[in-house]
Structures are given as structure tokens and as C-alpha cells.
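# Commentary on secondary and tertiary structure
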Amino acid sequence: MSLANYNDHFNESVGRLKAWERQEQGLIIEAENAEIRIIPYSPGIIRIRICKKGFDYEDNPYTVIREGGSIPFELTDRESQLTLQTESLCLKIDKFPVRMRFETPEGKLLNQDDPAFGTSWIGEESTCYKTLLPGERFVGLGEKTGALDKRGKAYTNWNFDYFAYPVDGDPLYVSIPFYMGIHDQGAYGIYFDNTYKSVFNFGASQRRFSSFGSEGPNMDYYFIHDRDIRGIIRGYSWLTGRTPLPPKWCLGYQQCRYSYYPDSEVINVARTFREKKIPADVIYLDIHYMDAYKVFTFHPGRFPDPGAMVRELKAMDFETVVIVDPGVKAEPGYPVYDEGVKKDVFAKYPDGSYYEGEVWPGWCHFPDFTREEVRQWWGECYEAYLKHGIEGFWNDMNEPATWGNKIPDLVEFNFEGQRATHRKAHNIYGMQMARSTFEGVRKRLKNKRPFVLSRAGFAGIQRYAAIWTGDNVASDEHMLAGIRMINSMGLSGIPYAGYDVGGFAGEASRELYARWIALGAFSPFYRGHSMINSRDAEPWTFGEEVEEIARNYLNLRYMLLPYIYSVFYEAVVDGMPVQRSLAIDYPGDERIYLDPYQNQYFFGPAFLIAPVRSKDEIAEVFLPSGRWYGFFRDEQWEGDREILLKAPMEELPIFVKGGAIIPMQSKVQSTREKPEPVLFLHIYAGPGANSFEYYEDDGSSYEYEKGHFYKRTIHFDPDTKRIVLEEVTGDYAPFFDRIRIYLHGFGKELQLRVNGEMTEVKSKAHRFVQPISAFDPWTPVGDMSKVIEDLPHFEIEARREEILINWSN
């Protein structure tokens, strides 16, 4: 047989341009082997759709929420090149053959196709090849292991149930086909809108090109450019949607175990938190609460009266979150199964029979969440929990996972009427389950915000659920890898994410748990979790010293809730992550990519967090340019340097950026407990002006969408020596009626005028945490017993009108 019979196994590119046509929405190009559609979505976002001849365009109906085609552009035709230019981006299209080159309006090269390959196919597999530029780095791609800079590595997007994955394991549970390239000419983002299994190669095993491709035949990607990384994240999150504002209770500490049962143990764990004065808001029920692991049921012996248990937990200011898997046990007489069969909601083989996969309950069918009717039915099922007062839901095993992890490719899904195989639907399944949960529960909770946590997801998952990094391991390597994954998810449009504090698999040492519980206080999603048949892993189970350390950082988390809630609001309106990689603000500084410093991150705009391994007592820290304060003692450093400092077990290296504005509150044991009616506003002097938008609402409803919120922007300006609290917007009556302002680094002998009136400045020692006791003669009292000496502060009425503060020394 001749090689000609195997041509579909060889590389075939787009080919030469044959014709083109300008349309109102954009540009259509007919090439030798493909049709190309180019559509501007914004001045900095251009969509490229390339369809191999013989195939129809296939849209992913789940991720992009915007419409393109209304953006003005200029089109220039030259002999060998077409140029499409918007206000912010220039796309040059070579004709012979068709190749793409993206530039800034000033002519700086951002990204270009490999001249030989461009977009190509091997059979039905489509790949876009991009020339590797000198010094180019790659960040993002969501929940991926490895370094911050992914150059030299390749990754696969195929949602996968990976228990106790290694710190270089791939693929994992979530697929986010979005990354950013950074080099000395600028930065860009590429979102590859394809739900098939995909591969991203950032120069792995070769140094010629980066590439992204999939098992599907069509190439569909969005090229995103802005003047900085913030703008690119803003553009991507505008395109794919932003997170809704979560209920405030899910920003507190959440305690989980596989599993707490019976109901008396659940109550006892909650009661112990309260007796020991350790703040917490949530307790989880893992799979053992169910009757034979069947979803939407309760075990009659372990949880005979779930409503009474939930009410008792609520009386202690605890919310309950239950795990819900997608597999529905194939058992006639089980109401959920019977109704699912009656309504024909399950995924099928091509012969019309239901697919069966084995998971915790045994052999199960799986709802086809790519059908609107099925999503509505799934939402109705949650009445089984809502009637008991449960408002938080944990969607697990939704990659979807089965024993063997190999659902046959020929299993079919509706895909909003497109009809698709498992190859196309797999990666989107977990996101659509989370969507079904979120939309169904939100509808039934009326005006209350639900909490949904999902293990699996795809681009756009941030609209429906928080994400956690799955079945991690109790090790230093996993602790640090989890931080990098949350940083990468933040770079990829997912602001609400976290890891299992202490590690799910294995058992943490006391030192490791102490480090991890401290780091978790500066994570968007803060949950402790541990596995069955392992030691207890609540904050009090590692000895008295670690209990005190945990209590300190949990108290600190709750004291920071006004700051954290405001930062979450920023994520809602602007797409900025809560936990922020240093690549957002310092992408050109090569030190942030070095191994000692790539784990550092910002928590909101103010805090720089420097993680430390469990056994290390010296921290090596990179301080970017600017002025920096040690959080616990107000030491000062000028940045653009590396430093070494002591980091005993009880002290996480936390730094505050000069110019920062941090609202705080008094200690509480839960988000339901009312703090003192005084807002503590900490302002740190720095060389540059800064502002912070403080936000407050009722923390539970959607009334904020109707203007029922309290929002004011606070400015610090060292040049004019002014602090300005702008007039309040929104009609919500705030909880805090007074504001106590602490001035860090402002010097002594301060004179203050508030709206022109002289105001008394007081000074006293201040501490954010309590000293750690010495538990034996060989354990010295830690440095956290030290305080900030003589911290100036003053108090004002929190009136709604503008407040102008002038200072002098």
C-alpha cells in the first residue's frame, strides 16, 4: 500500500489565501485548506476561527459570554499581506501562506505564527504553532503543577481524578486553556476555546515554537492584549465572566474530614471550636452522611434527623456543606434514579441505552448536564437538602470520575442540541454540574447567595463555583505547589480557590500543620481537610503550641474580613484575583521566577506573603521595588532587594506595601457574630499615592445588585499629606459607626486636621496576634510576643460625607 493512503497522518497547514471578504463583524478568508473568520470582540481582543474544509464550525456554548462584531477596525490590503487594526491591536495576515502576526499599534511584536506550520492538522487534530520569542515566559493555564514560568514544559487539559498526585502530576481536575506570554516587547493572552482534550507545549523537547492544539478539528482562539497583565486578566474575565459575590460565611474557616459521622460527632467538632475560642463558620459532611452513598439521601442511622442537626449547628453559628457527586445509583426504587429514568436525564450510548460507570454507590448513571432540562431537574433535586436549611454544596467526582477513569469515547451528550461524544463533553462536564447546582439552588434560595465548591471545571467555572486543588498530600512540596496552583488560577480568571490545609492524603507533622494553617489564612478559600483512617487534623489536635498558632491566624483571618470582603468585591467587578502572583505587577523582574521566590504572592493589593517550609527557620524573601513593612512589628525595608530573616514556626513572613490601606475589625468567632462597631483602618506611609475601595453589604443576599451596599474609596497621598475618605455611594446602612485610623510609618509628633478641625492623636502599643506561650523549658517565647510600639491613631465618626484628613510633623 502506498504512503498516499496515509496522507491524513501527515501535517497539513492552512495553505495560501485564495479570497477574502470584509463583513460588518470582521473578516472572512478562504484559504486552500481552511476557512478563517476573524472577529474583534473589543479593541484588545480578536477572535481567530479556523475551520478545516469538510468540517462545520463548532462553538463551545458554555464559556464565552460576550458577542463580537461591533468593534470598529481598519482593514488594509497589500500584495502579500492583509492588516486588521483596532484601537489597541494590529493583526497582520500574510497571504502566501496564511500566517498571523500580532503587534501593538506602535509596531512592537507580541506574537506570531511559526512561519512553516502556522495552524495545521494531523488527521483531525488541530494545532496552532507560535514562534518562541527571545526571553518569552508563559504563565497561567489554571490548575497546573510546576513552576510559575511554564517555558520548557508541556501540559494536557483533560479533567482527571488524580488521588495524591505528585507535585509535577498532569493532568489534574480542572482545565483552563488560557495562558499569558510575557517578553520584553509586551504581554498577551491566548484563550483556546476548545473543550476536547488539548495540549499546550511551551517549548518542551524543542526550542522552536510554543503550540496549543486539540483532538478536535477546529482552531478557535481569542488573542488578548492590554498594556499590562492586569488589563489582560481583566479582558479575559470580561470575556468568560466573573465570580459572583459569595456569602460572607464562606470566607471564614471551613472544617472538613472524610468523614464526620454520626451526627453527634459533627456537633461535637463544632462545639469544640466554640469552647476553645477558635473561629470557624462551616463544617462539612463527606460521603458517609448518605444512605449507601446515594446522592440526595441521609443515612437513617447516622443522621436520623438532619434538620435538627443543621438547626443545632446554626445555633452555634455554623453552616453545613454537603458533598454531592454526579453518579446516580442505578437502583429501581431509589426515587432519584426512578425520576431520572422517567425524565430521561442520563448520558447514553449511541444505541440509546444508558451509560453505566462504577463509583461509590456501585454502578451509576450520569446526568447529561449539557441539556437545559437536565440542569433544571438537578436543581430541583436539591430540595432534599434545602428543606433542612443547608445552603452550601460540594460537587466532587465531577471530572467525571469512575473507577478505572476511562469513560468510553462513544458515550453521547446533548451539548445544547449539537450532540457530542464524551471526547468533546468530558472537560465541560464538571462546570455544567456546578452550573446546575448553582442555578438551581440560587433559584430556590430566592434572595440568598448559595455556596458551591467544585473539584472539576473549565474556563468560565468562576461564574458558578469555588475551586480547590483536590486530593493533595501532607508534605512541604504539596503546600508550596498548592500556592503556585492558586496563583496560576488567579492568573486564569478564577479568584475563589484554595487547597486542603494540612494535606488530604498522609498526615501532617505539627510543624507542617502550623505553617499551612497560617498560609491558609491568606488564601481565598480556607478549609482544613483530612482523609479517612488518618489522625484527627483539627486545629487542637497537634498540641497546645500549634493550637495557639492556629488560633492566632484564624483570629487574624476574621479580623481581616472587611479587607478580604472588599478584595472579593474587586474580583466581582474587575476580575482581579484575591491571591495574586507577583507576575501581575512585576512580570519583567526575573527574580520572581526564581525557585526561592516563585511561591511568594500578594493577598489583595496590600499583603506580600512569603511561604516557608515546615522545618526552615530562616526565610529568603524577595521584596519588589517600594517600601515594605513587617506586619507584626512595623520594621521597614526599601525594596528591589532580597533579604534573610528569622521565621520561627509561629511566624509567617508577612509584609505590607507602603501606601497600603487595610480595613479590619475586632475579633469574632464567626461571620455571624457582630464585631465592635468600630472599623479599624490601618494606613501605611509610602513614597507613592494609593487608594482602596472599601465595600460592605449584608453579606448574604443579592440586594447589592439593587444598590443596597456601602462603598467608599479611601485615598492616601504623601505629596499633599492628605488622606481622603470619599463620599459614600450606595444606600446600605453600615455596621460600623466609627472609624479608628492607625498611622504606620508616619513619624512622631503628628498634627492632624479632620475637615479642618484639629484632632488629637494618641499613641499606644499595638499587636495583631497574641504571644505564643512557652510549653517547656527548651521552647523560648516566640518573637510574635513583640508589639508595634507607640502606634499613632485617632478616631472619627463614620459619616457618609467626604472626610478630609491633613497631617504634618
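Residues numbered from 1 in each chain as written. Predicted model: local features only at pLDDT ≥ 70, side-chain atom pairs only at ≥ 80, totals over all residues. Heavy atoms only, no water.

## Examining the overall build of the protein chain
The criterion, for reference: Here a strand is any run of E in DSSP of at least two residues, a helix any run of H or I of at least four, and the numbering for each starts at the N terminus. Here the globule rule reads 2.2 Å times residues to the power 0.38, and the radius of gyration is calculated from C-alpha atoms. Per-residue accessibility, obtained with a 1.4 Å probe over protein chains only, is compared with the maximum for each type, and a residue is labelled buried under 20%, exposed over 50%, and partly exposed between these values.
A count of helical and extended segments in the protein chain gives 11 helices and 53 strands. Computed over C-alpha atoms, the radius of gyration of the protein chain comes to 27 Å, within 12% of the 28 Å expected from 2.2 N^0.38 for 809 residues, which places it in the range of a compact globule. Taken along the three principal axes of its C-alpha coordinates, the protein chain extends 85 × 70 × 55 Å. Here the protein chain holds 809 residues, and the buried ones make up 63% of them.

## Section: the packing of aromatic side chains
Any two aromatic rings considered together are summarised by their centre-to-centre distance and by the angle between their planes. Quick reminder of the rule: Working definition: rings of Phe, Tyr and Trp (its six-membered ring) pair if their centres are within 6.5 Å, and the pair is stacked with planes under 30 degrees apart, edge-to-face with planes over 60 apart, and tilted otherwise.
For the structure shown, the criterion picks out 83 aromatic pairs. Ring centres of Tyr179 and Phe202 lie 5.0 Å apart, and the angle between their planes is 70 degrees; this geometry places the pair in the edge-to-face category. Here Tyr179 is found in strand β16 (residues 178–183), whereas its partner Phe202 is found in the loop between β18 (198–201) and β19 (209–214), with 23 residues between them in sequence. The pair formed by Tyr179 and Phe202 is uniform in burial state, with each residue classed as buried. A ring pair is formed by Tyr289 and Tyr385, whose centres lie 6.2 Å apart and whose planes are at 65 degrees; its orientation type is edge-to-face.

## A look at unusual backbone geometry
Note that the residue after Tyr258, namely Ser259, is joined by a cis bond; omega there is 0 degrees. Within the secondary structure layout, Ser259 lies in the loop between β21 (254–255) and α2 (263–275). Between Glu399 and the following residue, Pro400, the backbone shows a cis peptide bond with an omega angle of 0 degrees. Its place among the elements puts Pro400 in the loop between β27 (392–395) and β28 (412–413). Positioned with a positive phi, Asp344 is a non-glycine residue whose angle comes to about 55 degrees. With respect to the helices, strands and loops of the structure, Asp344 is situated in the loop between α4 (335–343) and β25 (357–359). Judged by relative accessible area, Asp344 falls into the partly exposed class, the value being 28%.

## Brief notes about helix α5 (residues 372–381)
Given 3.6 residues per helical turn, the α-helix brings residues three or four places apart onto the same face. We count it as follows: In this analysis, two residues are considered to be in contact whenever any of their non-hydrogen atoms come within 4.5 Å of each other.
Residues Val374, Arg375, Trp377, Trp378, Gly379 and Cys381 constitute the buried set of α5. Next to the buried residues of α5 lie β23 (319–324), β24 (328–329), α4, α6 (383–386) and α7 (422–444).

## Re the sheet that holds strand β36 (residues 601–603)
Defined as follows: When DSSP locates at least two bridges between a pair of strands, those strands are taken to pair. Here an axis means a line fitted to C-alpha atoms, over the contact stretch when the element is a helix, while the angle between two N-to-C directions is reported on a 0 to 180 degree scale.
Strand order in the open sheet formed by six strands is β35-β36-β37-β42-β39-β40, with antiparallel pairing between adjacent strands. Edge positions in the open sheet fall to β35 (579–581) and β40 (636–638), since each of these has one partner strand only. Sheet twist, expressed as the mean angle between neighbouring strand axes with direction ignored, is 35 degrees.

## Observations concerning the pairing of β18
Relative to β18, strand β14 (residues 154–157) runs antiparallel, the two sharing four bridges. Counterpart to Asn157 in the pairing with β18 is Ser198. Sheet topology note: the β18/β19 ladder contains four bridges and is antiparallel. By the bridge assignment, Val199 is partnered in β19 with Gly213.

## Considering the nonpolar core
Here is the rule: For our purposes a nonpolar core is just a set of buried Ala, Val, Leu, Ile, Met, Phe, Trp, Tyr and Cys residues, chained together by side-chain atoms within 4.5 Å.
Of all hydrophobic cores here, the largest spans 234 residues; its most connected members are Phe522 and Phe607. Not counting chain neighbours up to four residues away, the residues in contact with Phe522 comprise Leu556, Arg557, Leu560, Gln579, Tyr601, Phe603, Phe607, Ile609, Leu652 and Ile654. Judged by nonpolar contacts, the second largest core, of 37 residues, contains Leu27, Ile36, Ile50 and Phe192.

## Thoughts on the packing of α5 against α7
The line we're drawing: Orientation labels follow simple angle bins: below 35 degrees gives roughly parallel, above 145 gives roughly antiparallel, 65 to 115 gives roughly perpendicular, and whatever is left gives oblique. In this scheme the crossing of two helices becomes right-handed for a clockwise turn of the near helix relative to the far one and left-handed for an anticlockwise turn of less than a right angle. Polar here means any residue other than Ala, Val, Leu, Ile, Met, Phe, Trp, Tyr, Cys and Pro, which are nonpolar, and Asp, Glu, Lys and Arg, which are charged; Gly is therefore polar.
It is the contact of α5 with α7, at a shortest axis distance of 8 Å, that shows an interaxial angle of 55 degrees. When the axis of α5 is compared with that of α7, the two are oblique. In this structure, α5 meets α7 at a crossing whose hand is right-handed. In contact with Glu372, Arg375, Gln376, Trp378, Gly379 and Glu380 of α5, α7 contributes Gln432, Met433, Arg435, Ser436, Thr437, Gly440 and Arg444. Of the residues that constitute the contact of α5 with α7, the class distribution is two nonpolar, six polar and five charged.

## Quick word on helix α9 (residues 510–520)
By the criterion of burial, α9 is predominantly enclosed, with 10 of the 11 residues buried. Burial in α9 covers these residues: Glu511, Leu512, Tyr513, Ala514, Arg515, Trp516, Ile517, Ala518, Leu519 and Gly520. On its buried face, α9 sits against α8 (476–491), β33 (497–501), β34 (525–528), α10 (544–559), β36 and β37 (607–609).

## What about the environment of Ile741?
Among the secondary structure elements, Ile741 is positioned in strand β48 (residues 738–744). C-alpha of Ile741 to C-alpha of Ala459: the two residues are 282 residues apart in sequence and 41 Å apart in space. Residues contacting Ile741, with those up to four places away along its chain left out, are Leu681, Ile683, Pro792, His793, Phe794, Ile796 and Ile805.

## A short note on the environment of Ser237
Stated precisely, the cut-off is as follows: By the criterion applied in these results, polar contacts are pairs of N or O atoms within 3.5 Å in which, for protein atoms, one can donate a hydrogen and the other can accept it, and in which residues neighboring in sequence qualify only through two side-chain atoms.
Position of Ser237 among the secondary structure elements: in helix α1 (residues 229–240). As a C-alpha pair, Ser237 and Val572 span 335 residues in sequence and 9.7 Å in three-dimensional space. Aside from chain neighbours lying at most four places away, what touches Ser237 is Arg242, Asp574 and Gly575. A polar atom in the side chain of Ser237 sits 3.1 Å from the backbone oxygen of Arg234.

## Observations concerning a negative patch on the surface
The condition that has to hold: Like-charged residues are merged into a patch within 9 Å and nonpolar side chains (Val, Leu, Ile, Met, Phe, Trp, Tyr) within 5 Å, provided each residue has over 30% relative accessible area and no salt bridge. For accessible areas, the Shrake-Rupley method is used with a probe of radius 1.4 Å. Any residue's cover is judged against the shown protein chains and nothing else. Any carboxyl oxygen of Asp or Glu that lies within 4 Å of a side-chain nitrogen of Lys or Arg is treated as forming a salt bridge with it. In this charge count, Lys and Arg are treated as positive and Asp and Glu as negative; neither His nor the chain ends contribute. Working definition for charges: the position is that of NZ of Lys, CZ of Arg, CG of Asp or CD of Glu.
Negative charge collects at one region of the surface, where Glu693, Glu726, Glu727, Asp737, Glu797, Glu801 and Glu802 lie side by side. You can see Glu727 is positioned in the loop between β47 (722–725) and β48.

All quantities given are derived from atomic positions and should not be read as evidence of function.
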